[in-house]
Amino acid sequence: MDTELRQTLHRRGLRMTPQRQLVLDAVTELGHATPEAICTRVQETAPAVNITTVYRTLDLLEQLGVVRHTHLGHGAPTYATSEHEHVHLVCHHCGTVDEIDVDALDALADALRSSRGFRLDAAHVALSGTCRACAERADAELTVDAVDTEDAP
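Residues numbered from 1 in each chain as written. Predicted model: local features only at pLDDT ≥ 70, side-chain atom pairs only at ≥ 80, totals over all residues. Heavy atoms only, no water.

(A) Spatial organisation of a negative patch on the surface. A cluster of acidic side chains, namely D101, D103, D106 and D110, defines a negative patch on the protein surface. With respect to the element layout, D101 can be found in the loop between strand 4 (97-100) and helix 5 (106-116). (Patch = residues over 30% accessible without salt bridge, like charges linked within 9 Å, V, L, I, M, F, W, Y side chains within 5 Å. Areas by Shrake-Rupley, 256 points an atom, 1.4 Å probe, with all protein chains shown as cover. Salt bridge = Lys/Arg side-chain N within 4 Å of Asp/Glu carboxyl O. Lys, Arg positive; Asp, Glu negative; His and termini not counted. Charge placed at Lys NZ, Arg CZ, Asp CG, Glu CD. Helix = DSSP H or I, 4+ residues; strand = E, 2+ residues; numbered from the N terminus.)

(B) Examining the side chain of T57 more closely. With respect to the secondary-structure elements, T57 resides in helix 4 (residues 51-63). Ignoring any residue separated from it by four or fewer positions in sequence, one finds T57 in contact with R20 and V23. (Contact = heavy atoms within 4.5 Å.)

(C) Here's a closer look at the sheet that holds strand 3 (residues 87-91). Strands sit in the order 4-3-5 across an open sheet of three strands; the sheet is mixed. Strands at the two margins of the open sheet, each flanked by one partner only, are strand 4 and strand 5 (126-129). With strand direction ignored, the average angle separating the axes of adjacent strands in the sheet is 25°. Inspection of the sheet shows strand 3 paired to strand 4 by four bridges, in the antiparallel sense. (Pairing = 2+ DSSP bridges. Axes fitted to C-alpha atoms, helices over the stretch in contact; angles between N-to-C directions.)

(D) Structural detail: empty space enclosed by the protein. Counting across every chain of the model gives one cavity of 30 Å³ or more. Here the largest cavity defines a volume of roughly 50 Å³. Every residue lining the largest cavity is listed: H32, R68, H69, T70, T78, A80, H84, H86, H88 and A123. By residue number, the principal contributor to the lining of the largest cavity is strand 1 (residues 67-70), which donates three residues. Of the residues that constitute the lining of the largest cavity, the class distribution is two nonpolar, seven polar and one charged. (1 Å grid on protein atoms, 1.4 Å probe; cavity = no way out; pocket = protein on both sides within 12 Å on 5 of 7 lines; lining within 4 Å. Points joined across faces, edges and corners; volume = space filled by probe spheres on them. Nonpolar A, V, L, I, M, F, W, Y, C, P; charged D, E, K, R; others polar.)

(E) Structural view of the layout of surface pockets. In this structure, the largest pocket occupies an estimated 180 Å³ of space. In this structure, the largest pocket is lined by L89, V90, C91, T96, D98, L127, S128, G129, T130, C131 and R132.

(F) View of the state of the cysteines. Here the structure, examined in full by the defined rule, presents zero disulfides. Unpaired in terms of disulfides, C131 finds its nearest cysteine sulfur in C134, a separation of 3.6 Å. The class for C134 is buried, based on a relative accessible area of 8%. (Disulfide = S-S within 2.5 Å. Buried < 20%, exposed > 50% of the residue type's maximum accessible area, 1.4 Å probe, protein only.)

Here's what the structure looks like:
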């Protein structure tokens, strides 16, 4: 990827700076990471790199198709390399993030394309809901509450 990225940058009159390389390395190593987490990782090697540089670099890398971002909730977006394609399942109770293959949304993508002409980018999707553990905990609490109500005088 580095060689291809260098060629793409060169074609645009840009070069692979050490900061760009450090940001790309951090995204690759961290998997899903916020700009703040990426900045912290980069600063381990280059303390002078600031968050503004990280944001600008992430924007450039996204324009070049090297990284992509996903909003997993109310906080900052998370970034991953463009090859890292999956749908995120975000639990709004515990915040757990799970992943499923983008193929799981093929039927939805087909329906959207045929009915609306819309082309879904499923690798850029986060679905929110309740994870299995939280759902089971909520069901158990409902069962206990129901038993307590039956026992009340």
